[in-house]
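Chain by chain, the residues:
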Amino acid sequence: MSAKITLQTHLFKELRTMSCHKKSYITTPIYYVNDIAHIGHAYTTIIADTLARYSRMSGLDTFFLTGTDEHGQKIEEAAKTRGKTTQDYADEISATFKDLWDDFDISYDKFIRTTDADHMKGVQKAFSVMYENGDIYKDTYKGHYCISCETFFPSIQLVDDEFCPECGKSTTIVEEESYFFRLSNYQDKLLQYYEDHPNFILPKSKRNEVIRFVEGGLQDLSITRTSFDWGVKLPAEIDDPKHVMYVWLDALMNYVTGLGYGTDEAKMDYWPARVQLIGKDILRFHAIYWPAFLMSLDLPLPTHIAAHGWWTRDGEKMSKSKGNVVNPREVADAYGLDNFRYFMLREVPFGGDGDFSQKALIDRINSDLGNDLGNLLNRLIGMSGKYFEGNVDSSHVAKYYQAELDEVHAVLNTLEPLLFDMQIHRYLEELWKPLTVANKAIDKYQPWTLMKEGKEEEAMALNGLIAAILAKVSIMLSPVMPAVGKKISEALHFTIDNDSWNRMIKSSELLAPFVLEKIDPLFPRIEAPLLEQAEPIDETPKEKQEKKPEAKEAAKEEGVALIGIDQFFQTSLKVGTVVKAEEVPKSKKLLLLQVDIGEEQPRQIVAGIKEWYSAEAMLNTQVCVVANLKPAKLMGLKSEGMLLAAKDENGLCMIRPEKPKTAGTPIG
Ligand code: MSP
């Protein structure tokens, strides 16, 4: 009972703050520049864009921030692999994100880069404030670090004492002097905050996860590194130049430095954010570290941290090695940007994982969009054209169809909270109900019968009803499908903006009389998949750690940096004999090999060669092995080396010694 009262009081308080708070600040995570954008990035950005568009339309002073995360060891290494300076590399990849968002008409107000001078100043300011508050102290960090996840892990969390529990890659042991943030001091304050703000973390299931994690105990957080350079230096007054800031401290601060924190603070009145969108993999950083940093800075916390789920493709995890990564640009080009936006937002309950398949996308386009929405507009064009030379007049709608109007308005009134509670799929599901009301009204009242019976006024009112429903739906649909909203509103001779939203959604006004002209179908039927196979997109260093042959290909395209003979000899190449070979269950590409390279035990090597070599064909053959690679995990199997192979458009062939050689013979 008392929990219920707290929840209600809290919701009431939140609603009150929201209504006084006329500003709406929406953010996406900032994307690492070691990868070009894929469907996961597009999904987060499109949800945020939808919320920002709705906020603006509903009259809130809105600021929408996105950008790129460019510091840290991972980026430094990625640039090195490509033989580029880190800044050049960051510039190049950051521009690919910005270009994509521009081409996708993403309505961001600022694109922040963590290499921006203002951002770096702001982060230094934040460090100074936390330091002065006594939340930062210096000590030594000893533990494991996963470069790919840019995360420290205590030994007990590692898999097989070595591998990252998040991504499965090998971790590095770090022992270095470090500054620490007193995260442990915030455990109780955070738990109290979660309790007082039940909607802080959305969806609820994720909130419970976070609470359980924090209840398990928080350790202080290492927030500086000394073993590499590519990061924000500590503030001058701390005078410790060998340290750079931990990439997550640097990155999280973007949400306030993007508003000028620490420099020109004019936009800081947009803070706190209304919704900060993230993927579930970075929830811990946003729901634990970020609020603790904000508490230390004495800044209010965002209203919602909203974590979405993971996208797979045709039921499988996307990865470059499988060549099944969904390239958003390619999908939008083939199927239409708005259709792609609708599909992603309608298909998956927010927070759940989603599967991309062309079949599912085509079904949504043909059915929801084509049959329900597009067809209704066609019916209106048909009716008004046939009986009234295109004229639509709403004057008598209320006289004949008040029940239908009431039904439609009742639904429309419930929509906005669904959107900001991150129930976007439900928002769209509900938004389709007025379309059903409209289609049913045509079937029930039959304009052709009305006309036959001489009930012209009633038939015209039906026309007006259908047009009004289409107009109202197009307003509420426009944050999700801006181009489609615009097309429908143009056909119906009105403009979607705060004024029409106020008149037609908040009040129950209808359309002024107009003449409807024929327009091309909005959603031509799609009979077969339009993409043969989505192009694998650019190689990422993340994957490169496990996929050296393709990493080499990528480097070749961009010009490989020259190396000295010493560097070459850092790679240990050996002749190996395959003593056991089998298929990796459920994998189309992998073989599991035991390769004798003259050591006590054969090495286990997982090789992506099954498309070209059967297990039998590999057995008892000789291969060239890279013997000093850090072990990696592929499909959960440890791989302790790599085989040399050459691949061109005709396929792949192994590189083997010309004559049999003793296993373990060095190659050089
Ligand atoms: N740079 C950090 C975020 C710092 S925010 C202060 C980062 N970047 S990321 O580029 O790796 O990921 C950005 C977002 O993309 C995350 O929200 C992540 O969840 C999302 N996705 C990455 N792959 C995804 C899928 N396959 N599916 C859905 N979203 C995914 O993390």
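Structure: above.
Source: prediction; values computed, not measured. (Residues numbered from 1 in each chain as written. Predicted model: local features only at pLDDT ≥ 70, side-chain atom pairs only at ≥ 80, totals over all residues. Heavy atoms only, no water.)

K.L.:
Please clarify how empty space enclosed by the protein should be interpreted in this entry.
P.N.:
Regions of empty space are outlined by a rolling probe, equal in size to a water molecule, passed over the atoms. One pass over the full model with this rule turns up one cavity of 30 Å³ or more. Put simply, the largest cavity is a space of about 40 Å³. The wall of the largest cavity is formed by Tyr 43, Ile 47, Met 344, Leu 345, Val 348, Phe 350, Ile 424 and His 425. Within the residue set of the lining of the largest cavity, elements represented by two or more residues are helix H2 (39–57), helix H12 (337–347) and helix H16 (424–431). Of the residues assigned to the lining of the largest cavity, the class counts are seven nonpolar, one polar and no charged. (1 Å grid on protein atoms, 1.4 Å probe; cavity = no way out; pocket = protein on both sides within 12 Å on 5 of 7 lines; lining within 4 Å. Points joined across faces, edges and corners; volume = space filled by probe spheres on them. Helix = DSSP H or I, 4+ residues; strand = E, 2+ residues; numbered from the N terminus. Nonpolar A, V, L, I, M, F, W, Y, C, P; charged D, E, K, R; others polar.)

K.L.:
For this particular structure, what's the right way to read the side chain of Thr 50?
P.N.:
Position of Thr 50 relative to the elements: it lies in helix H2. Within the structure, Thr 50 has its side chain in polar contact with the side chain of Arg 341 (distance 3.4 Å). Beyond its immediate stretch of four places on either side in the chain, Thr 50 contacts Arg 341, Leu 345, Leu 419, Pro 479 and Val 480. (Polar contact = N/O pair within 3.5 Å; in protein donor to acceptor, adjacent residues only side chain to side chain. Contact = heavy atoms within 4.5 Å.)

K.L.:
I'm lost on the packing of H16 against helix H19 (residues 456–477) in this one. Help?
P.N.:
Helix packing for two helices is described by the angle between their axes and how far apart those axes are. At a closest axis distance of 11 Å, the pairing of H16 and H19 adopts a crossing angle of 170°. Classed by the angle they form, the pair H16 and H19 counts as roughly antiparallel. Contacts from Tyr 427, Leu 428 and Leu 431 of H16 reach H19 at Val 473, Met 476 and Leu 477. Each residue belonging to the contact of H16 with H19 can be placed in one class, and the counts come to six nonpolar, no polar and no charged. (Axes fitted to C-alpha atoms, helices over the stretch in contact; angles between N-to-C directions. Parallel < 35°, antiparallel > 145°, perpendicular 65-115°, else oblique.)

K.L.:
Looking at this model, I keep getting lost on the site of the ligand. Mind explaining?
P.N.:
If you check the shell around the ligand, you find 23 residues, and the closest are Ile 30, Asp 69, Gly 279, Asp 281 and Trp 311. His 41 places a side-chain nitrogen or oxygen 3.3 Å from an oxygen atom of the ligand. Contacts to the ligand include Gly 279, whose backbone N or O atom sits 2.8 Å from an oxygen atom. Contact with the protein chains removes 95% of the 670 Å² of surface that the ligand exposes when unbound. Mapped onto the shell around the ligand, the elements with two or more residues apiece are strand S2 (31–32), H2, helix H8 (247–252), helix H9 (254–257) and strand S12 (275–279). Looking at the shell around the ligand element by element, the count peaks at three residues for H8. Of the residues belonging to the shell around the ligand, the class tally is 13 nonpolar, eight polar and two charged. (Near = heavy atom within 4 Å. Areas by Shrake-Rupley, 256 points an atom, 1.4 Å probe, with all protein chains shown as cover.)

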